[in-house]
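Take a look at the letters that make up each chain.
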Amino acid sequence: MPALPDPDSPDARITALIIIGGLAVSGALIWLALGDWVPLALFAGGLVALASLILLVRHQFPPRSDVQRTMPDWSVTFAATDHPTIAIAITDEAGRMICANQRFIDQFGAEMVPPKLSLAGQGGDLLAEAGRAAWRDGEGRAGGLVAAGVPIDAQVRRVGRGQDYLLWKFEPVARHDLAVEADAMLVGRPGRALGEGGFMAAAISPEGRIRAANSAFAARAAGAEAGNIVGRDLASFLRADERNRIYFEREGRKGVPLRLFHLPLVDPLQVTDPAEREKAPALVVLIDEDPAGMDKGTALGYVQTLLGLLPVGLAMTDRDGRFLFANDAFLRAAGITEAELPPYPGDLVVREDKGAIADAVRRHASGQAMAGDVALRLRNQPDEPVTLSLASLRGMGDAAVLLSVKDNSEESRLKRQVAQASKMQAIGQLAGGVAHDFNNVLTAIIGHCDLMLMRHSPGDSDYDDIQQIRSNSNRAASLTRHLLAFSRQQTLRPQVLQLPDIVSDTSELLKRLIGEKIVLEVQHDRNLGPVRADPGQLEQVIVNLAVNGRDAMLAKRPPGGTLTIRTRKVTAADVRAMNSDILPVDDYSAILVEDGGTGMPPDVQARIFEPFFTTKEVGKGTGLGLSTVYGIVKQSGGYIFVDSEPGQGTTFSIYFPVYRGGAVEQRSRKQTTKVNPGQWGHARLLLVEDEDMVRAVAERALTRQGFTVVTASDGEDGLERLGDSGPFDLVVSDVVMPNLDGPGMAVEMRKRMPGLPILFMSGYAEETLRQSISIDQVHFLPKPFSVAQIVDAVHGALAASAPPPNQAPANEGKLRT
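## Some points on the overall build of the chain
And then number 1: Counting its secondary structure elements, the chain contains 26 helices and 28 strands.
And then number 2: By the burial criterion, 41% of the 817 residues in the chain qualify as buried.
And then number 3: Here the analysis covers contacts within the chain between residues at least 6 apart in sequence; of these, 60% occur between residues at least 24 apart.
And then number 4: Just so you have it, the chain exposes about 44100 Å², and 53% of that area is on carbon and sulfur atoms.

## Quick notes on the packing of helix H17 (residues 535-554) against helix H20 (residues 625-635)
Two measures define how a pair of helices packs: the angle their axes make with one another and the distance between the axes.
And then number 1: Where H17 meets H20, the axes come as close as 9 Å, and the angle between the chain directions of the two elements is 145 degrees. Seen along the crossing, H17 lies across H20 with a hand that is left-handed. Contacts from Gln537, Gln540, Val541, Asn544, Leu545 and Asn548 in H17 reach Gly625, Leu626, Thr628, Val629, Ile632 and Val633 in H20.

## Quick notes on the pairing of strand E13 (residues 323-326)
And then number 1: Sheet analysis places strand E12 (residues 313-317) next to E13, joined by three bridges and oriented antiparallel. Bridge pairing in E13 links Thr317 to Phe323.
And then number 2: Here E12 folds back onto E13, and the loop between the two strands holds five residues, one of which, Gly321, carries a positive phi near 90 degrees.

## Focus: helix H21 (residues 692-704)
And then number 1: For H21, spanning 13 residues, the distance from its first C-alpha to its last is 18 Å, which sits close to the expected 18 Å at 1.5 Å a residue.
And then number 2: For H21, the set of buried residues is Val694, Arg695, Val697, Ala698, Ala701 and Leu702. One face of H21 carries all of its buried residues, which in axial projection span an arc of 165 degrees.
And then number 3: Positive phi appears at Gly706, one or two residues downstream of H21, with a value of about 95 degrees.

## A word on the sheet that holds strand E2 (residues 97-100)
And then number 1: The strand order across the open sheet formed by five strands is E2-E1-E5-E4-E3, and the pairing between neighbours is antiparallel. What marks the edges here is a single partner per strand, and that holds for E2 and strand E3 (139-147). Recorded for the sheet is a direction-independent mean angle of 20 degrees between the axes of neighbouring strands.
And then number 2: Pairing of strand E1 (residues 87-92) with E2 involves three bridges; the strand directions are antiparallel. Within E2, the position partnered with Ile90 by the bridge is Cys99.
And then number 3: Contacting E1, E3, strand E4 (150-159) and strand E5 (165-172), helix H6 (residues 123-137) runs over the sheet at an angle of about 165 degrees to E3.

## Describing the packing of aromatic side chains
And then number 1: For the coordinates displayed, the defined rule picks out eight aromatic pairs.
And then number 2: A ring pair is formed by Phe104 and Phe170, whose centres lie 6.0 Å apart and whose planes are at 45 degrees; its orientation type is tilted. Remark: Phe170 occurs in strand E5 and Phe104 occurs in helix H5 (residues 102-108); sequence separation between them is 66 residues. The exposure classification of Phe104 matches that of Phe170, with both residues buried.

## Regarding the confidence of the model for the chain
And then number 1: Residues of the chain with pLDDT of at least 70 account for 73%, and the chain-wide mean is 77.
And then number 2: Summarising per-element confidence for the chain, the mean pLDDT is lowest in helix H26 (residues 812-816) (34) and highest in strand E21 (residues 588-595) (93).
And then number 3: Contacts from residues 291-297, a stretch scored under 50 in pLDDT, to residues over four places away or in other chains number seven contacts.
And then number 4: Contacts for the low-pLDDT stretch residues 666-678, under 50 throughout, to residues beyond four places or in other chains number 10 contacts.

## Quick look at the sheet that holds strand E22 (residues 639-645)
And then number 1: Taken in spatial order, the five strands of this open sheet run E18-E20-E21-E23-E22, and their pairing is mixed. Edge strands, defined here as strands with exactly one partner in the open sheet, are strand E18 (518-524) and E22. Between one strand axis and the next, the sheet turns through 15 degrees on average, direction left out of account.
And then number 2: Relative to strand E23 (residues 649-657), E21 runs antiparallel, the two being bridged by eight bridges. Among the inter-strand pairings, Glu594 is bridged to a residue of E23, identified as Thr651.

## Focus: empty space enclosed by the protein
And then number 1: Taken as a whole and assessed by the stated rule, the structure comprises three cavities of 30 Å³ or more.
And then number 2: Considered as a void within the structure, the largest cavity measures approximately 80 Å³ in volume.
And then number 3: Around the largest cavity sit Phe330, Ala334, Pro345, Leu348, Val349, Ile357, Leu376, Leu378, Leu388 and Val405, which together line it.

## Looking at the pattern of salt bridges
And then number 1: Scanning the entire structure with this criterion turns up 17 salt bridges.
And then number 2: Between Arg660 and Asp586 there is a salt bridge, and its shortest N-O distance comes to 3.5 Å. Of the two residues, Arg660 sits in the loop between E23 and strand E24 (684-688) while Asp586 sits in the loop between helix H18 (572-578) and E21, which places them 74 residues apart along the sequence.
And then number 3: Of the residues examined, Asp586 reaches a relative accessible area of 26% and is grouped as partly exposed.

## Looking at unusual backbone geometry
And then number 1: Here Pro114 and Pro115 are connected by a cis peptide whose omega angle stands at 0 degrees.
And then number 2: Relative to the assigned elements, Pro115 resides in the loop between H5 and H6.
And then number 3: The amide bond that connects Arg557 to the next residue, Pro558, takes the cis arrangement and shows omega of 0 degrees.
And then number 4: Positionally, Pro558 belongs in the loop between H17 and strand E20 (561-570).
And then number 5: Within the chain, Asn527 stands out as a residue other than glycine whose phi angle is a positive 60 degrees.
And then number 6: Looking at where Asn527 falls in the secondary structure, it is placed in the loop between E18 and strand E19 (531-533).
And then number 7: On the accessibility criterion, Asn527 (66% relative accessible area) is exposed.
And then number 8: Backbone geometry at Asn739 places phi at a positive 65 degrees, although glycine is not the residue there.
And then number 9: Checked against the element boundaries, Asn739 lands in the loop between strand E26 (730-734) and helix H23 (742-752).

## Here we look at the side chain of Ser653
And then number 1: One can find Ser653 in strand E23.
And then number 2: Among all residues touching Ser653, those that are not within four sequence positions of it are Ile591, Leu592, Tyr639, Ile640 and Phe641.

## Some points on the nonpolar core
And then number 1: Of all hydrophobic cores here, the largest spans 36 residues; its most connected members are Leu545, Leu563, Ile565 and Ile640.
And then number 2: Counting only elements with at least two residues in this core, the list comes to helix H16 (499-514), E18, E19, H17, E20, E21, H20 and E23.
And then number 3: Among the elements that take part in this core, H17 stands out by supplying seven residues, more than any other.
And then number 4: When residues no more than four places from it in sequence are discounted, the contact partners of Leu563 are Ile514, Ile518, Val519, Leu520, Glu521, Ala546, Met553, Val593, Glu594 and Asp595.
And then number 5: Phe323, Val349, Ile357 and Leu376 belong to the second-largest nonpolar core, a separate cluster that totals 24 residues.

Basis of the calculations
Residues numbered from 1 in each chain as written. Predicted model: local features only at pLDDT ≥ 70, side-chain atom pairs only at ≥ 80, totals over all residues. Heavy atoms only, no water. Helix = DSSP H or I, 4+ residues; strand = E, 2+ residues; numbered from the N terminus. Buried < 20%, exposed > 50% of the residue type's maximum accessible area, 1.4 Å probe, protein only. Contact = heavy atoms within 4.5 Å. Areas by Shrake-Rupley, 256 points an atom, 1.4 Å probe, with all protein chains shown as cover. Axes fitted to C-alpha atoms, helices over the stretch in contact; angles between N-to-C directions. Left-handed = near helix turned anticlockwise from the far one by under 90°. Pairing = 2+ DSSP bridges. Expected span 1.5 Å × (residues − 1). Arc of directions from axis to C-beta. Phe/Tyr/Trp six-rings, centres within 6.5 Å; stacked < 30°, edge-to-face > 60°. pLDDT = per-residue confidence, 0-100. 1 Å grid on protein atoms, 1.4 Å probe; cavity = no way out; pocket = protein on both sides within 12 Å on 5 of 7 lines; lining within 4 Å. Points joined across faces, edges and corners; volume = space filled by probe spheres on them. Salt bridge = Lys/Arg side-chain N within 4 Å of Asp/Glu carboxyl O. Core = buried A, V, L, I, M, F, W, Y, C linked by side-chain atoms within 4.5 Å.

The structure is reproduced here in structure tokens:
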């Protein structure tokens, strides 16, 4: 839109004079025509009101220049992403850097672009895989990365209105430093709580200097504020008498004797050498000791109170190995509650590890000062080994051994999620590769069957056998489509549509599929946002889930139940309330399929989306139904979750992000335009295919239609044929070939013959190929295909590339020379 003229410019003044003159002439004409002042007054009043309104709007909404309206202000993005510790970068679909904050530039350099960063080890591969996962699933993560010696975690997300940008976040991994935590604890509320309980505590460095202290320690040791004694030697505040009793120096001999506890501030899983622990930072706790001798049971109570405040999992046992105390962190790490704490530590581990922990406790309770670690498996978490650290205690009454264990529950959960995601990705790659290669075999079988059927009529003895072979080949092709769906490599035809319309169109079919013993209920929410998906594939998702629920309900005794299909509006606030680590915060339209069947145990839920996994009897299921659902949902940009309990039924929840790009398309069957085969009967084709059996079928099929076909076995051979026998009206080529693939060959051919029509054949998804092939005006034919399908595809490619000739091609003589 052109910018409005400046009101102070000469053009604007001339325009204003013309408008004023026109209004004056209009008023005069009204007076001459009517001869009455009333219409003229109304006309003038309307003009004044209109002018006032224009001035008010112009004052409230001043015009902006074209550049201001159209060009994005990246400085705003740069300011919004500024962060002192998190490096942030934004890249586009081509991998170009769009924006990066100052932290990213300082850490990686101004010339570096994700994922090609300088990372240690396999970090570059992990980051690249996270980027691919973000393009595919909307979000990807990579942990364990090291940049210039600093451990970092990376998070990648698809962003933008069109989801065509990647947002990269690199956050340094916070290391667990007990010494730093102790410093913060002593100067804060926990330190004051310790002082009120009679504990005087100080954190000291390996050299014995005070790092931090609570107010009770500072007041007794120096009569000053805690900040005034930081950096001073702890020994300067203490003295010992002839009986080795400890006092504060400033209190002299009249002071109260003290009991001192020394706790190394190190991770017991990282530092196991006793000599190294003595060199580590430590927490020193002092309590008053009764001059007449304090009861050791009272001292143990002090220690138990102190250990209960620490964030590390700690417990104490007596010389017989019985538990005396365990803090909350120890109970969480062991997976039990305080009421479930057993008498002995051996009751927490699996049977095979009971002897090892009993021997370790007995050795450390013998009286010698020692420390060590034992690797074992907890009874509640038998699949995740943990390390139990033990240390001998002296002067603590009945307490003889100190136990510490690290809470690995969150780390174990993340490991399981990563392992499951890696397994599903590996299975998907394997399934896609097998399906692609198998499609070549099926193409040859189906093509030869079609050629044989052309020579046999329905009454021939071989006709039924050939037809049966073709039917079985089509069944095999259906299985490969399921595998491609799971691996997200099938061809989708997405449309913008409403989920209630899809469910309603499928309801009649579902009633026939589920039978009379199952009741179908359909419930729709209001004001659902549109989604973008393939309507045919979405119907297959609903049918597969309904059939799965039907089988689960028929397996009950008595068989039967209710199958409920719901559509729901899920807002961003609802997603935040879910607190999900997988589902990004956004607006969604959801489908919920609930059945009252037998339900599934957790071990079955972990595998239900794997191809060929089934709990049905042999011959009653292929194991591809739910894997197909998983692939279709993921390829459509959605998310699927399962919630099931044995005996309580199962609920599948599918979330599709609300599409904001355009209006909902009306679902209608398109009328296909029939191409007259005789229009292109003299065209010359170059057929490039590395599989001999596929090339033979395609050549015979096209030759029977009157085409002149020249064949080549790979891309390099195709370029030679173009030079020797070309030019051609159309190139029919496979995509994946040795030496030189189809896209590379097409680029070279277009350099020689701009506008040359190209028809690609492949068993992979058209969307995947078009994203990886930067070539305009190419056509696509999915494998496996029949003789009729390749002929129709060739006719369609020729018809789309040029207007149909009346008799013969105008350049026929040139093509044949």
